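As a plain string of letters, each chain reads:
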Amino acid sequence: MRLRAKFNLVILAAFAVGFLIAAFVLNRVLIDNARDQVLQNARIMMTAANAIRKYTAQELLPLLPKEVDGKFVPETVPAYAAQKNFKDVQAAFAGYSYREPALNPTELSDHAQDWEADIISLFRNEPARQELVAERDTPNGPMLNLARPISIRDEGCLICHSTPAAAPAALTRTYGTVNGFGWKLNDTVGAQIVSLPMAVPLKLARDAYFTFVIILIATFAIIFVILNLLLHYLVIVPVKRVSAMADAVSLGDEHIEPYVKPGKDEISSLSISFNRMRESLNHAMEMIK
């Protein structure tokens with residue numbers, strides 16, 4: 001195997017190993033960054049929802065009537081206000097959603113789906129857990145879900161949710177006496193769940209990944225060509241000249257043109273040494289003659 005072939009095989013092997021490692025690491029980094037970006041957006045949405053809940057409880061609740069024409073006013077409920085506001089967000093950004101599902105809600109539309117019930121059950125079984133991040137595959141693509149428990153910490157909540165008899169009459173007239181009761185202090189009854197689609201961030205991550213791969217391959221191709229040119233002109237051509245001289249000397253050619261490679265590298269030193277040896281050999285042969 002010639003020197004150029006050996007050199008190229010070593011370079012190709014080194015590139016293949018480096019390329020595989022770099023591609024694997026970069027793929028993980030880009031996917032993790034995309035996930036972190038979505039998670040950050042989810043936390044912003046969660047903070048906004050809690051701000052709406054707090055504003056409703058502290059600012060609006062004292063001003064709004066508890067009933068109108070004998071019916072309960074849902075706008076006085078912080079959970080209703082937060083979910084209602086995020087309906088507009090969901091209309092503008094497809095796939096984005098904010099829900100406060102419960103195992104036994106007053107409003108049936110807030111009843112937990114199976115996967116939401118699993119999250120609530122997890123919070124009930126692990127009271128110390130205050131946040132859960134989960135990914136879920138859906139027909140519209142992967143979704144990232146950020147969930148936090150809804151636990152009864154204020155006895156004021158039990159006025160509407162302990163027993164039908166203790167609940168406001170307007171509430172039972174509007175929603176009936178079956179759902180949303182039996183809650184107890186410190187129980188985890190539901191969860192705040194923000195859901196965001198991951199399809200777009202993952203696509204951007206994949207596009208960035210393929211762009212990097214193309215740039216990496218193009219960079220290697222340029223370096224590969226440059227290294228081969230350097231190998232050809234700095235090593236192979238001078239070595240061939242020295243080898244040709246050696247062949248001629250071994251065949252007794254005394255009139256071969258000397259060759260000394262310019263420079264101070266190893267090939268230059270080799271050519272100088274060989275010429276010195278050739279001259280010494282010629283001098284020795286003249287003395288013998």
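My aim in this report is to walk through the structure given alongside it, one point at a time.

Conventions used here
Residue indices follow the written sequence of each chain, beginning from 1 at its first position. A pLDDT threshold of at least 70 governs which residues receive local features in this predicted model, and a stricter bar of 80 or more applies before side-chain atom pairs are shown or counted, although totals over entire chains, interfaces and linings include all residues. Note: side-chain values were computed over all heavy atoms of the structure, leaving out hydrogens and water. Any Lys or Arg side-chain nitrogen located within 4 Å of an Asp or Glu carboxyl oxygen qualifies as a salt bridge. Secondary structure follows DSSP: runs of H or I at least 4 residues long count as helices, runs of E at least 2 residues long count as strands, and numbering of each begins at the N terminus. Buried residues are those whose accessible area, probed at 1.4 Å on protein chains only, stays under 20% of the maximum for their type, while exposed residues exceed 50% and partly exposed ones sit between those limits. Strands qualify as paired when DSSP identifies two bridges or more between them. Lines fitted to the C-alpha atoms define the axes, with helices restricted to the stretch that makes contact. Angles between their N-to-C directions range from 0 to 180 degrees. Contact between two residues is taken to exist if any of their heavy atoms lie within 4.5 Å; hydrogens are not considered. Here a polar contact is taken to be a pair of N or O atoms separated by no more than 3.5 Å, where protein atoms must pair a possible hydrogen donor with a possible acceptor and residues adjacent in sequence count only if both atoms sit in side chains. Only protein atoms enter the 1 Å grid used here, on which a cavity is any set of points holding a 1.4 Å probe that cannot leave and a pocket is any open set flanked by protein within 12 Å on both sides along at least five of seven lines; residues with an atom within 4 Å of a point are listed as lining. Grid points are joined across faces, edges and corners, and a volume is the space filled by probe spheres set on the points.

Let's talk about the pattern of salt bridges
For step 1, the next point in the chain: Evaluated as defined, the whole model comprises 9 salt bridges.
For step 2, the next point in the chain: Here Arg 53 ties to Glu 100 by a salt bridge, and the two come within 2.5 Å at their closest N and O atoms. Taken together, the residues span a long stretch of sequence, with Arg 53 in helix H1 (residues 3-60) and Glu 100 in the loop between strand E3 (97-99) and helix H3 (114-125) at a distance of 47 residues.
For step 3, the next point in the chain: Among the salt bridges present, the one from Glu 126 reaches Arg 129, with a minimum N-O distance of 3.0 Å.
For step 4, the next point in the chain: You can call Glu 126 partly exposed: its relative accessible area is 34%.

Regarding the sheet that holds strand E5 (residues 141-151)
For step 1, the next point in the chain: As summarised here, the arrangement of the 4 strands in space is E3-E6-E5-E4, forming an open sheet in which the pairing is antiparallel. The strands lining the two open edges of the sheet, one partner per strand, are E3 and strand E4 (132-138). Looking at each pair of strands side by side, their axes are set apart by 20° on average, direction ignored.
For step 2, the next point in the chain: In this structure, E3 lies alongside strand E6 (residues 188-197), joined through 3 bridges in antiparallel fashion. By the bridge assignment for E6, Ser 97 is matched with Ser 195.
For step 3, the next point in the chain: Running at roughly 130° to E6, H3 makes contact with E3, E4, E5 and E6 of the sheet.

Quick look at the environment of Ile 272
For step 1, the next point in the chain: Here Ile 272 is to be found in helix H7 (residues 266-288).
For step 2, the next point in the chain: Through-space distance from the C-alpha of Ile 272 to that of Val 242 is 9.8 Å; in sequence the pair is 30 residues apart.

Brief notes about the side chain of Thr 188
For step 1, the next point in the chain: For Thr 188, the position within the fold is in strand E6.
For step 2, the next point in the chain: Overall, the relative accessible area of 11% leaves Thr 188 in the buried class.
For step 3, the next point in the chain: In this structure the side chain of Thr 188 is engaged in a polar contact, spanning 2.9 Å, whose partner is the side chain of Ser 151.
For step 4, the next point in the chain: Once residues lying within four places of it in the same chain are set aside, the contact partners of Thr 188 are Ile 120, Phe 123, Arg 124, Pro 149, Ile 150 and Ser 151.

Thoughts on the layout of surface pockets
Here the idea is plain: a probe the size of a water molecule rolls over the atoms and shows the empty space left.
For step 1, the next point in the chain: Its volume calculated, the second largest pocket comes out at about 170 Å³.
For step 2, the next point in the chain: Looking at the second largest pocket, the residues that line it are Arg 2, Leu 3, Arg 4, Ile 236, Val 239 and Lys 240.
For step 3, the next point in the chain: Taken together, the elements giving at least two residues each to the lining of the second largest pocket come down to H1 and helix H6 (199-250).
For step 4, the next point in the chain: In terms of residue count, H6 provides more of the lining of the second largest pocket than any other element does, 3 residues in total.

Section: the environment of His 111
For step 1, the next point in the chain: You can see His 111 is positioned in the loop between E3 and H3.
For step 2, the next point in the chain: The exposure class of His 111 is partly exposed, given its relative accessible area of 43%.
For step 3, the next point in the chain: Remark: the alpha-carbon pair of His 111 and Asn 179, spanning 68 residues in sequence, is separated by 9.9 Å.
For step 4, the next point in the chain: The contacts of His 111, once residues within four sequence positions are left out, are Arg 99, Ala 102, Leu 103, Pro 105 and Glu 116.

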